[in-house]
Amino acid sequence: ETWVYAFGGGTSDGDASMRNLLGGKGANLAEMAKLGLPVPPGFTISTAVCVAYYDTGRVYPATLDAQVSDALAALEGKTGKGFGDPENPLLVSVRSGARASMPGMMDTVLNLGLNEAVAAGLAGKAGDRFAYDSYRRFIQMYSNVVLGMGHDEFEHILDDYKEREGLDLDTELTADNWKQVIVRYKEAVQKELGRPFPEDPREQLWGAISAVFDSWMSDRAIIYRKLNDIPANWGTAVNVQSMVFGNLGDTSATGVAFTRDPSNGSPIFYGEYLINAQGEDVVAGIRTPAPISRERANTLGSSDAPLEEAMPPVYKQLVDVANTLERHYKDMQDIEFTVEDGTLYMLQTRNGKRTAAAAVKIAVDMVREGLITEEEALLRIDPTALDQLLHPRIPSDDENKKAGNAAYDVAFKGLPASPGAAVGRVVFDSEEAFALAAKGEDVILVRVETSPDDIKGMHAARAIVTARGGMTSHAAVVARGMGRPCVCGASDLRINTAKGEFTARGRTFKKGDMITVDGVNGRVIAGAVSLINPDLSGDFGEFMGWADKRRTLKVRANAETPLDTRTAVEFGAEGVGLCRTEHMFFDEERIPAVRTMILSNDETGRREALAKLLPMQRSDFEEIFRILGDRPATIRLLDPPLHEFLPHTDEDIAGVAKASGLSAEELRRRAADLHESNPMLGHRGCRLGITYPEIYEMQARAIFEAAVNIFKEGKLKPVPEVMIPLVATHRELDILKKLVDETAQKVFAETGVTLDYMVGTMIELPRAALAAGEIAQAAEFFSFGTNDLTQTTLGISRDDAGKFLPIYSEKGIYEKDPFVTLDQEGVGELVKIAAERGRKTRPDIKLGICGEHGGDPASVEFCHRAGLDYVSCSPYRVPIARLAAAQAAI
Ligand code: ADP
Ligand code: MG
Ligand code: MG
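Please read all numbers here as calculations on a predicted model, not as lab measurements.

Thresholds, definitions, all that
Residues numbered from 1 in each chain as written. Chains lettered and ligands numbered in written order. Predicted model: local features only at pLDDT ≥ 70, side-chain atom pairs only at ≥ 80, totals over all residues. Helix = DSSP H or I, 4+ residues; strand = E, 2+ residues; numbered from the N terminus. Buried ≥ 20, exposed ≤ 12 C-beta atoms within 10 Å, placed from the backbone. Contact = placed C-beta atoms within 7 Å. Axes fitted to C-alpha atoms, helices over the stretch in contact; angles between N-to-C directions. Parallel < 35°, antiparallel > 145°, perpendicular 65-115°, else oblique. Left-handed = near helix turned anticlockwise from the far one by under 90°. Nonpolar A, V, L, I, M, F, W, Y, C, P; charged D, E, K, R; others polar. Pairing = 2+ DSSP bridges. UniProt positions renumbered as here; feature names shortened; annotations may be inferred. Near = placed C-beta within 6 Å. Domains from an automatic or database assignment. pLDDT = per-residue confidence, 0-100. Core = buried A, V, L, I, M, F, W, Y, C linked by C-beta atoms within 7 Å. Expected span 1.5 Å × (residues − 1).

A. Inspection of the overall build of the chain at higher detail. A tally of regular secondary structure across the chain gives 35 helices and 32 strands. Here the chain holds 890 residues, and the buried ones make up 50% of them. Counted over contacts in the chain with a minimum sequence separation of 6, partners at least 24 positions apart contribute 67%.

Following this line, the structure appears as C-alpha cells:
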C-alpha cells in the first residue's frame, strides 16, 4: 500500500482531486507543482496513515518507515542536498493538512534537520547569522510543538539575554549572540525534559511527524471539528517539504494573500508581507506586515512600501500566479508564498475563507467574468452563511448625522478584519465570554491576540477585538469564518486583564462596559449604537433571483406579528405558512379576556369573553392580509394547552375576578381543575375546538370577516387557509371543518362577499400520518408540524431534551439534533407515508412543513426530495431556505 506521495520538481504523484487522501494542503501543493508553479519539492504522508495510526492505538503501518526513507532520498535527489549533511544540508518543514482546512489547529515546524554540525555547515554557505537565527527558531518551534514546552519559556530566556547584553531588537543579535542563546535554550530543554534536544535529523523528523498526527486529537482540534462538523475519522496528512528562506536578507520575504478581498469580495489583490521574515511571522502578528498591492496600501493609508514597490518583478509574477490559480480553481484563492533572494515560491493555495457578503459578490462577479455558471455560483454558497447578510450594520457617519445623532464616540480604531456590527459588554476571558453568553448576555471578547484556545469564547461572543495582529491573524481568519465582526491590530488598546479593564487614548473601560464594534470600518465605539438592517437588493438580490429561478419548492414564513410578516415578505417569503393565533392572545390588554374565557363555567360566559376578543383578532388578521396581499396565509386555530393561559399570581386572579365577575375562590378552583400533568399531550390543539367549539368559531369568524374587509378595501384578494392543529383522526377534522365551513358561509351571507379559502390540518401525530388517506378526504392541505411530529415520534419533549440529547449526539445515537435537522429515517418516513397516502385520496392536496426544520438546509433538501410544495420557516431563515431549495433542485 502506498502511504507517501511526492510533489514538486516537475512532477507530482497526487493532484487536487486527491484531497481526501492527501489533505487540502498536500493535494494543492501537488496540483500547483503539476501546473508548473514554483513549489519547493516534498512529499505527503497520507491521511490513511493517520487513520491507521489511531485504529491501531498509535502504531504506524509497517511499510511506512521504508516509504518515508525512499521519499526522503528522492527529495535529496531533486534538491541536490543531503538531509543531515553539513556540507550541503537539506532542511524541511513538517506541515499538517487535513481534508478540510483547520486554520491554526495544527502546528508547523520549520527548519527541521538542523543540529550543531549542520548549523555550522549552513553558516559557511549562507552566512552565520542566518544559520544560527534559523537554528534557534527551529529549537524554539520544535520544543514547543513537538516536545510540548511552553512558548514563553524561550521568550523569557531571550528577553533575559537581551537585557543582560543591553540589546533591544532581535535584529541586533549577532551570530555569536544567537549561539549563546541556543546554549541556554538547550539547557532549558535538558532541564525540563531530562533529555537533550535531539541532534539526529531523522529522530527530529519522526518526532515532528508524530506531533502532527497527535495534534489531530488535541483538545483544540477536537473543539474545532465539533464546531465545524468535521468527522474525527478523516484524519490529517503530513507534508514534508524542502525549506525555502524568506529570512535571507532584504531580497527575501514571506507573505499571505487573497486573490480578492475576503471581507467584501472586491476584485483587488489583497494581502500582506514581511521583508526578511520566515513563515508564521506574518500570521502571528509579531511584526505588523505591509500590504502587497499599492491600491490596498492607499486604502489603508499605510506608510510601508507595498510589495508592488519593494519588489516589482516578484509582485508581477505573484499576480500572474494568482490569476493562474483563480482560473484553474475557478474560485478566490488564499495563498502563502515566500521570496528567497528574489525568487518566488508558492507554499500553499486553497479556496479562501470569506464573509458571506464577499462570497455572494465573488460568486456573482465570477459568473459575470464567465468563470463559473449561475448554478455553480448557487452551489458554492453555504445557505446558512446568508444569515450574516441579513443582520444589522452600523449607520454610516452620514446616516448618523442625518438622523440628528451626535458623532460616534470612537474609543479606538484597528483593522477592519471582519464586517458587520455588534453591541455588547466587554469581556477579556474566553471562558467567561462563553459562560456569560450561555446566560443570554451579548458579550464582546477583547484580547491582546487570540489563539486556537479562544475558539469557544470567540464563538460565544458577538464580536472580537484584538490589540495585535494583521488582517490574516488568527483572530481575523476565525472571526470571518464564524461571521463575527472583528476589529484587530488596535495598537492604542492596552489591556490589563488583572485589573479587568482596558485603556485606549487615555480613557479606561471596565469589564462589563457596553461597546459597539464596527467591523466594516475597524472602529470600536463607546456605548451602544442602534444598528440598521441590511440591503437585500444589488448582488444579493440578483443572486437570490438565480436561486428562485431554479427552485421548485416554495418558501413561506412562520409569522404572526405585522413586523415579522413584513420582514418575511422583504426576505422573499411567498406567503405565511404558519400564523400562530395564540401569540395574539398574550398581549397585556387581551389576556384578562382570554383568561375569563378559559375560566368561565359555561358556554355563555365563554361567548361573552370571546365576543370581546373577536374584534381584536379580526384586526390582527386584517393587518396580516394587508401586508401579504395576494400571498396565502395559513392560520392555525388555537393550539396550546389552556393551562398555558392560566393566571398564576393573586394579582392575576384578582384581575380576572374583576373582569369576569367570578369570585377569586371559584377561579382558583377552576384553575386547579384545568391543571395538567402532561400538557404537551393534553387538552390542546383540535381538542380545544372539539370541547369548546365557540373558540374556533370565533377565530374562524375573525379570519373570514378580516378577509372580506380587506377584499372590500379593493385591490387585494386575501387567501385564507384555516388550519386545524393536532388532528389524530379524520373524525376530529370532519367535525371542525364543518364548523369552519358553516362559519364561512354565515360571514359570506352576512357580507355578500364570497372568497376562496381552504381548510386543512397539521400532521403532527404519528397516527395522523398513518391515517392521512382518510384525513385527506376533508383536508385540502397538510402542513407537517415537524416540531411536534418529532416530539411525538421520538417520544422526546423538546423542552427537556437538553438534559440528555447532547450525550446522545456525543455517542452518535442521533447524528444531528433532531429538533434542528429532520430525523429522516423516523420522522421523515412518516412525512413520506402521509404525503403518499394524502395524495392518493386527493391528488392536488397541498403539502408543506412548518417546523423549525423549514429553515435547515438538510431538511429543506429532504422536503424537496419528498415532493412537498413548500417549506415555512422563521423570517430570517427565508433566504436560507430559498437557496437551500435551489441547491436541492440543481
Ligand atoms: P498553516 O496550516 O498553519 O497555515 P503551514 O504549514 O502553511 O501552516 O505553515 C505556515 C507557514 O510556514 C507557511 O505559510 C510558510 O510561510 C511557512 N512554511 C511552511 N513550509 C515552508 C517551507 N518549506 N519553506 C518555507 N516556509 C515554509
Ligand atoms: Mg499554523
Ligand atoms: Mg498555511
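B. Structural view of the packing of helix α27 (residues 693-712) against helix α28 (residues 730-751). Axis separation between α27 and α28 bottoms out at 9 Å; the angle between their running directions is 40°. Between α27 and α28, the interaxial angle falls into the category oblique. Note that α27 runs across α28; the crossing there is right-handed. Residues P693, Y696, E697, A700, R701, F704, E705 and V708 of α27 pack against L736, L739, V740, T743, A744, V747 and T751 of α28. Among the residues making up the contact of α27 with α28, the classes are represented as ten nonpolar, two polar and three charged.

C. Quick peek at the environment of G82. Along the polypeptide, G82 turns up in strand β4 (residues 82-83). Separated by 491 residues in sequence, G82 and A573 place their C-alpha atoms 66 Å apart. Each residue touching G82, except ones within four places of it in the same chain, is listed here: E76, N88, P89 and L90.

D. Layout of the sheet that holds strand β7 (residues 109-112). Overall, antiparallel pairing links the six strands, which are arranged β2-β1-β3-β8-β6-β7 in an open sheet. Each edge of the open sheet is held by one strand with a lone partner, namely β2 (11-12) and β7. When strand β6 (residues 92-98) meets strand β8 (residues 236-242), the two strands line up antiparallel, connected through seven bridges. Among the inter-strand pairings, V94 is bridged to a residue of β8, identified as V240.

E. View of the UniProt feature "active site" (unreviewed entry) in the chain. In the numbering adopted here, UniProt assigns the feature "active site" (unreviewed entry) to H474 and C850. These residues run over 377 residues, and the two farthest C-alpha atoms among them are 39.5 Å apart, placing them at more than one spot. Relative to the helices and strands, H474 is located in helix α19 (residues 474-482). The class of H474 is buried, set by 22 C-beta atoms lying within 10 Å. Note that C850 resides in the loop between β31 (846-849) and α34 (857-865). Dropping the residues within four chain positions of it, C850 is found in contact with N558, G577, L578, S783, G785 and S872.

F. Representation of helix α21 (residues 562-570) in the model. If you check which residues of α21 are buried, you get D564, T565, T567, A568 and V569. Of the surrounding elements, those touching the buried residues of α21 are β25 (554-558), β26 (576-580), α23 (603-628) and α35 (878-889). Backbone geometry just downstream of α21 places G572 in the positive-phi region, at approximately 95°.

G. Structural view of the site of ligand 1. Surrounding ligand 1, one finds 16 residues, the nearest of these being S93, R95, T108, G279 and E336. Put simply, the parts of the chain that give the shell around ligand 1 at least two residues each are β6, β12 (333-340) and β13 (343-351). For the shell around ligand 1, the two domains that each supply at least three residues are domain 1 (4-242) and domain 2 (253-354).

H. Structural detail: unusual backbone geometry. With phi around 50°, N276 is a residue other than glycine that occupies positive phi space. In this fold, N276 is placed in the loop between β10 (270-275) and α10 (281-284). Exposure remark for N276: the 19 C-beta atoms within 10 Å place this residue in the partly exposed category. Of note in the backbone geometry, K715 takes a positive phi value of approximately 65° without being a glycine. Here K715 is to be found in the loop between α27 and β28 (719-724).

I. Molecular detail of the confidence of the model for the chain. Residues of the chain with pLDDT of at least 70 account for 99%, and the chain-wide mean is 92. Overall fold confidence for the complex sits at a pTM of 0.79, while the interface term, ipTM, reaches 0.97.

J. Local environment of the nonpolar core. Of all hydrophobic cores here, the largest spans 265 residues; its most connected members are A208, I444, A461 and V871. Ranked by the residues each element gives to this core, the list is headed by α27, at eleven residues. Residue contacts for I444: discarding those within four places in its chain leaves A422, G424, R425, V426, V427, A461, R462, A463, V465, I515 and V517.

K. Helix α5 (residues 128-145), seen in detail. Taking 1.5 Å of rise per residue, 18 residues should cover 26 Å, and α5 covers 25 Å from first to last C-alpha, within 8% of that figure. Taking burial as the measure, the 18 residues of α5 include 15 buried ones, the bulk of the element.

L. Quick peek at the pairing of strand β1 (residues 4-8). Counting buried residues along β1, five of its five residues qualify, which places the element largely inside the surrounding structure. Of the strand pairs in this sheet, β1 and strand β3 (residues 42-45) are connected by four bridges, and their pairing is antiparallel. Bridge pairing in β3 links A6 to F43. Here β1 runs beside β2; their pairing, made up of two bridges, is antiparallel.

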